[in-house]
Amino acid sequence: MAFVSFLIPCFVIVTDIAFSCQNTHDFVGASSPGDIVIGGLFAVHSEMLRPEEHPVKPIIQNCAGFEIQIFLQTLAMIHAIETINNSTLLSGVTLGYEIYDTCAEVTKAMASALRFLSKFNSSEDVVEFKCNYSDYIPRIKAVTGASYSEVSMAVSRLLALQLIPQEVIMTSSSTTGAIVSPVSSAEILSDKIRFPSFFRTIPSDFHQTRAMTHLICQSGWNWIGVIATDDDNGRFALESFGVQAMANNVCIAFKEMLPAYLSDNTFHTKVDHAIEKIVKETRVNVIVVFMRQFHVLKLFKKAIERDVNKIWIASDNWSAAVKISTIPNIRQLGTIVGFGFKSGDMSTFQDFLRNLHEKPADNNKFLHEYIMLLSVCAHLEYHDFQTCIANQSQNDLLENTESKHQIWRDDFLNANIEPGFIHSTTLAVYAIAHAIKGQCKDRNCKDPSAFTPWELLEELKKVTVIDDGKEIKFDANGDMSTSYDVLLWKEIDGHMEITTMAEYDPEKGDFIFEDEEKKKDFLNLKKVQSTCSQHCRPGQMKKVTESPHTCCYECVYCPENHYSNQTDMDYCYRCNNRTYWAPINSTTCYRKTIHFLAWTDWFAVFLLLLSAFGVVLVLSISVIFTKNLNTPVVKASGGLTVCYIILFSHFLIFLSTVFFIDEPTEFKCKTRQALFGISFTLCISCILIKSLKILLAFSFDPKLQNFLKRVYQPVPIVVTCTGIQVIICIFWLIFRTPFLKQNFSIPRSIILECNEGSIVAFGIMLGYIAVLAFICFIFAFKGRKLPENYNEAKFITFGMLIYFIAWIVFIPVYATTFGKYLPAVEIIVVLISNYGILCCTFLPKCYIIIYKQETNTKSAFLKMVYTYSSKSAGSVAVSQISLDSKSSSSHATVSGSCKSEKNFVNGNCHFQVPGQRLMKGKVLPKNTARTMARKRLSSI
């Protein structure tokens, strides 16, 4: 180990590892003749050295940094071609190859592409300029490679001149025909206008970045960092990932771009800056890395020194890189999850590697260089051995070539296989072979000029390759829709192993797991938090802060009548305020409670008991009056018919209160006010008739008495007064009928209530009752000084006063009350006014009937009337004896109606004194007092 630590600084990247290019043949890395030649572009070395001389001349420089994984891809291409040549696929036609090292440099790759474009059988490798290349036959028919998208883009534009197919295993392009790349994944390469001859046997970066975004979203992360190389591949990958991240509400906390070449003077400075950024952003625990392997190697070594522990999401460039997974203390970096290309069966290729040392290396400079590297580094352990290979000098290689057969290590190559890239390379070669087979059906392909590259390009578009029992072909964009392996780096027995955790299907966008253990590994990723803000719980919503990122927010409670039922919701849903409600910080809406004055409500029960008691009272009074039908008190009340009508109207008023209780309906709303209004009007109309009778009986003004006699028509008055109210109610019900209404004014309740339809109509109905009551009150007030035992007018006055007071108080209370107890307010007023009138009208009479029976006789009644009449005339009281002898001492005769006791009006009997008229308010002479008393009595 001490030897290696001394060796590496001495032989750093600046040391030449590839032999100098003296002529065009030296430029070829590996070759083999064939009837049809396929070109290959691979970055076997990681960098091209800078020239030291000045001024700089246009000389192709040597390369450094031997890449074992890319070397294996060249071997995979050779193995695939040899396998095809040994099969019956092309039936006698052999494939050759020319493989060039791009050194991960566009300039070197373009030089190789120029050689591909040179004319077939041209000794000077001349590229002819033509306006029409339809008949032009270049050295090769198709190209496989290159290793990086940036290189592929440049090569593809050049090869597109002659439409040479280019198939990318990792990333590449072509111009002499088809470029079939097994590794170039940049999304832009799917553009067939700019890259018409480009094909690849891997998915584009669009699918990779979408897969990464799905992984991030399903793991609950939304605050991540991105590190990429500052080249076309890195920039396009970053752009594609940024679009996918934005679409899935994933925010990029920082983006760090590292120079594309290690030789850049700012490379180490920018690596340090990237590490500082990672350490500073403590909330960022997930880093997405779009870089080449040697960039990642430098970055991780620095991160290990700073004890950085994160989740690293690897792009396909390095997700299966063994040389990175074997870095000492790699486990300290945290968890590494990557996306690699779908791999196939590696057994035949592994057998090929075991026998590789038996193959001649004369036509394969890459193999020759590897054998020399083995000689120098054979004594070292695994990781040191790998580091030594990447940093050895040409002089050491030349000194140790003699021991090459004694230090062969086939396990080292097998350990560095990246199955996804090897499989993609093999697919690319087989796709070209199937396209050649299609062209050779009717042609002699032993002749290299049998077909041109552009014809092969058209055939390649139709090719179908069988891979693991599945048919795979190129889509319209030249991409093969293969799936991704989701790779997880796990420490097993002290060594970091790259395991397959899941498979990602680009078409469905789903992760597929082989077993529950691998699914558990996937779910364990959620344990790591990488968010700018804490997750907002259900019942909360995100409130954007001053940060430009939407992932940085505050969690605030949903306001009242709003809710959220998921985590990290951008806004709260609004409840349907008419039927639902929600408290602050709610996760759901609750149905509003429907309220109305129910039968079970204690207050409703109390009011119903009062109404029921009123009904019992009405029935009791009816029974009492019926039993005492022929008594003066009953007769003075207007007779049984009038009393029954009044009592019936009281009964209907009590009954109308039932329609104010329980769940309102359209029928109840239309019935209750009309029933109350008509019933109350009927009651007041009958009482008005009684008031008129009293005023008529005790009025001594001849003019007023004559007027009252003409007006007093009981039946027409009752019918007219009640009929007007009926008409008011009918118009009300027709034009502005009351209806059922849901009141949403209370936040958490729905009040079922009756809307009166028209407040004006409601007011007219009540106002009309009030007018009748007022008239009744005036008439009764005039007769308030009636005889002591027969003062019905006084009680009518009290009853009307109770009515007015109740309804005057009702108006402001009704206007300011809302809720389910609003009907109770009207019930109370109805009961008060109804009880007041009922009690004042009938209870005094019931008292006399039950407890003052001695005053409920004809003689007592006549005596009371006579006494009142005598006092009104200012005469001396009429004694009981005078009253008994009234028939002999007076010429007045009692009318037949009086004798039959059937002509009582409000308890008074009319007596007629011939030739006399009672004059109210006049002072009579003393000698006429007795006569005047008799006249008043006769008038009553």
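Summary of the structure given here. If you're wondering where the values come from, they're calculated on a predicted model, not measured in any experiment.

Our focus in this paragraph is the nonpolar core. One finds Phe-625, Met-800 and Trp-807 to be the most contacted residues of the largest nonpolar core, which totals 76 residues. Where this core is concerned, the elements lending two or more residues are helix 19 (602-627), helix 20 (632-636), helix 21 (639-656), helix 22 (666-698), helix 24 (714-735), helix 25 (759-782), helix 26 (792-816) and helix 27 (822-851). Excluding residues that lie within four positions of it along the chain, Trp-807 makes contacts with Phe-676, Leu-766, Val-829, Val-830 and Ser-833. Residues Val-93, Leu-373, Ala-433 and Val-463 belong to the second largest nonpolar core, which totals 63 residues.

Next up on the list: unusual backbone geometry. A positive phi angle is found at Ser-91, which is not glycine, with a value near 45°. Looking at the element boundaries, Ser-91 is found in the loop between helix 3 (68-85) and strand 5 (95-101). Of note, Asp-662 is a non-glycine position whose phi angle comes to about 75°, a positive value. Relative to the helices and strands, Asp-662 resides in the loop between helix 21 and helix 22.

For the structure shown, the criterion picks out four cavities of 30 Å³ or more. The element contributing the most residues to the lining of the second largest cavity is helix 7 (residues 232-247), with three residues.

Further remarks concern the state of the cysteines. Taken as a whole and assessed by the stated rule, the structure comprises eight disulfides. Through a disulfide, Cys-669 is tied to Cys-754; the S-S separation comes to 1.8 Å. Every disulfide takes its handedness from the sign of the S-S torsion; for Cys-669 and Cys-754 that torsion is -75°, giving left-handed. One end of the pair, Cys-669, is in helix 22; the other, Cys-754, is in strand 28 (residues 749-755), with 85 residues separating them in the sequence. In this model Cys-686 remains outside any disulfide bridge; the closest cysteine sulfur is found in Cys-683, 7.1 Å from its own. On the basis of relative accessibility, which here comes to 4%, the residue Cys-686 falls in the buried class. In this structure Cys-840 is a free cysteine whose sulfur lies 6.9 Å from that of Cys-839, the closest cysteine sulfur available. The class for Cys-840 is buried, based on a relative accessible area of 12%.

In a regular helix each residue adds 1.5 Å, so 14 residues correspond to 20 Å; helix 8 (residues 267-280) covers 20 Å between its end C-alpha atoms and thus fits that length. Among the residues of helix 8, those classed as buried are Phe-267, Val-271, Ala-274, Ile-275 and Ile-278. Along the axis of helix 8, the buried residues cluster in a sector spanning 100°; they form a single face. Every exposed residue of helix 8 that faces more than 90 degrees away from the buried side is listed here: Thr-269 and Lys-280.

A rise of 1.5 Å per residue sets the reference length of helix 6 (residues 205-218), with its 14 residues, at 20 Å; its end C-alpha atoms lie 20 Å apart and thus fit the reference within 8%. Residues of helix 6 that are buried include every one of Asp-205, Gln-208, Thr-209, Arg-210, Ala-211, Met-212, Thr-213, His-214, Leu-215 and Ile-216, and no others. Looking one or two residues beyond helix 6, the residue adopting positive phi is Gly-220, at roughly 80°.

Our focus in this paragraph is the sheet that holds strand 28. Judged by pairing direction, the sheet is mixed, and its three strands sit side by side in the order 26-28-27 without closing on themselves. A strand with exactly one partner marks an edge of an open sheet, and here the two such strands are strand 26 (593-595) and strand 27 (739-743). Each strand axis lies, on average, 30° off the axis of its neighbour in the sheet, ignoring direction. Relative to strand 28, strand 27 runs antiparallel, the two sharing five bridges. Pairing of Leu-740 across the sheet is with Cys-754, part of strand 28.

What follows concerns the sheet that holds strand 17 (residues 484-492). Strand order in the open sheet formed by eight strands is 11-10-12-13-14-17-18-19, with mixed pairing between adjacent strands. Each having just a single partner strand, strand 11 (251-258) and strand 19 (510-512) make up the two edges of the open sheet. Across this sheet, the average inter-strand angle for adjacent strands is 25°, counted without regard to direction. Strand direction decides the pairing type here: strand 10 (residues 223-229) and strand 11, joined by seven bridges, are parallel. In the strand pairing of strand 11, Trp-223 is matched with Cys-251. Helix 9 (residues 293-305) contacts strand 10, strand 12 (286-290), strand 13 (310-314) and strand 14 (334-341) of the sheet and is inclined by roughly 175° relative to strand 13.

Position of Asp-521 among the secondary structure elements: in helix 18 (residues 516-524). Here Asp-521 falls in the buried class, since its relative accessible area comes to 18%. Setting aside anything within four residues of it in sequence, one finds Asp-521 in contact with Leu-488, Lys-490 and Met-501.

Below, the discussion takes up the pattern of salt bridges. What the rule picks out here adds up to 22 salt bridges. For Arg-331, the salt bridge identified is with Glu-491, shortest N-O distance 2.7 Å. Of this pair, Arg-331 sits in the loop between helix 10 (322-325) and strand 14 while Glu-491 is found in strand 17, placing the two residues 160 residues apart along the sequence. Owing to a relative accessible area of 42%, Glu-491 belongs among the partly exposed residues under this scheme. A network of salt bridges, in which partner residues are shared, links Asp-272, Lys-302 and Glu-305.

Our next topic: the layout of surface pockets. As a volume, the second largest pocket reaches approximately 780 Å³. For the second largest pocket, the lining is made up of 40 residues, of which Ser-325, Met-496, Glu-497, Ile-498 and Thr-499 are closest to its centre. Elements supplying a minimum of two residues to the lining of the second largest pocket: helix 10, strand 14, helix 13 (382-391), helix 16 (419-439), strand 17 and strand 18 (495-505). Sort the elements by how many residues they give to the lining of the second largest pocket and strand 18 lands first, with nine residues. When grouped by side-chain class, the residues that make up the lining of the second largest pocket number 19 nonpolar, 12 polar and nine charged.

This paragraph deals with the pairing of strand 15 (residues 464-467). Every second residue of strand 15 is oriented toward a common face, the buried set being Val-465 and Asp-467 and the non-buried set Thr-464 and Ile-466. In the sheet, strand 15 pairs with strand 16 (residues 470-473) via four bridges, with the strands oriented antiparallel. Bridge pairing links Ile-466 to Glu-471 in strand 16. Hairpin connection from strand 15 to strand 16: two residues lie between these consecutive antiparallel strands, with Asp-468 at a positive phi of about 55°.

A separate point is the side chain of Gln-673. Relative to the helices and strands, Gln-673 is located in helix 22. Given a relative accessible area of 1%, Gln-673 falls into the buried group. Not counting residues within four places of it along the chain, the set of residues in contact with Gln-673 comprises Phe-660, Trp-732, Glu-756, Phe-762, Met-765 and Glu-826.

Moving on, we get to the environment of Cys-686. Of note, Cys-686 is situated in helix 22. In this structure the C-alpha to C-alpha distance between Cys-686 and Thr-722, which are 36 residues apart in sequence, comes to 9.7 Å. Residue contacts for Cys-686: discarding those within four places in its chain leaves Ile-645, Ile-646 and Val-718.

It is the contact of helix 25 with helix 26, at a shortest axis distance of 9 Å, that shows an interaxial angle of 155°. As judged from the angle between their axes, helix 25 and helix 26 are roughly antiparallel. Considering only the axes of helix 25 and helix 26, their crossing is left-handed. Taking contact as the criterion, the partners of Phe-762, Leu-766, Ile-769, Ala-770, Ala-773, Phe-774, Cys-776, Phe-777, Ala-780 and Phe-781 in helix 25 are, on helix 26, Ala-793, Ile-796, Thr-797, Met-800, Leu-801, Tyr-803, Phe-804, Trp-807, Phe-810 and Tyr-814. Split by residue class, the contact of helix 25 with helix 26 holds 19 nonpolar, one polar and no charged.

Each value, and the rule that gives it
- Along each chain, numbering runs from 1 in the same order as the chain's sequence is written.
- The predicted origin of the model limits local features to residues at a pLDDT of at least 70 and limits the giving and counting of side-chain atom pairs to 80 or more, whereas totals for whole chains, interfaces and linings rest on all residues.
- The side-chain figures draw on all heavy atoms in the structure; neither hydrogens nor water molecules are used.
- By nonpolar core we mean a set of buried residues, namely Ala, Val, Leu, Ile, Met, Phe, Trp, Tyr and Cys, connected to one another through side-chain atoms within 4.5 Å.
- When accessible area is computed with a 1.4 Å probe and restricted to protein chains, residues below 20% of their type maximum are described as buried, those above 50% as exposed, and intermediate ones as partly exposed.
- Strands here are runs of E lasting at least two residues and helices are runs of H or I lasting at least four, both read from the DSSP assignment and numbered beginning at the N terminus.
- Pairs of residues are marked as contacts when any of their non-hydrogen atoms sit within 4.5 Å.
- Lining residues are those with an atom within 4 Å of a point, where the points come from a 1 Å grid over the protein atoms alone and group into cavities, where a 1.4 Å probe fits but cannot get out, or pockets, open sets with protein on both sides within 12 Å along at least five of seven lines.
- Grid points are joined across faces, edges and corners, and a volume is the space filled by probe spheres set on the points.
- In this description, the term disulfide denotes a pair of cysteine sulfurs within 2.5 Å.
- What a helix should span is 1.5 Å times the count of its residues minus one.
- Note that the arc is defined by the directions from the helix axis to the C-beta atoms.
- Here the rule is simple: two strands pair whenever DSSP picks up at least two bridges between them.
- Here an angle of 0 to 180 degrees is reported between the N-to-C directions of two axes, which are lines fitted to C-alpha atoms, with helices fitted over the stretch in contact.
- A pair is scored as a salt bridge if a Lys or Arg side-chain nitrogen falls within 4 Å of a carboxyl oxygen belonging to Asp or Glu.
- Classification convention: Asp, Glu, Lys, Arg as charged; Ala, Val, Leu, Ile, Met, Phe, Trp, Tyr, Cys, Pro as nonpolar; all other residues, Gly among them, as polar.
- Oblique is the label for any angle not covered by the other classes, which are roughly parallel (under 35 degrees), roughly antiparallel (over 145) and roughly perpendicular (65 to 115).
- Left-handed describes a crossing whose near helix is turned anticlockwise from the far helix through less than a right angle; right-handed describes the clockwise counterpart.

That is the geometry; function is a separate question.
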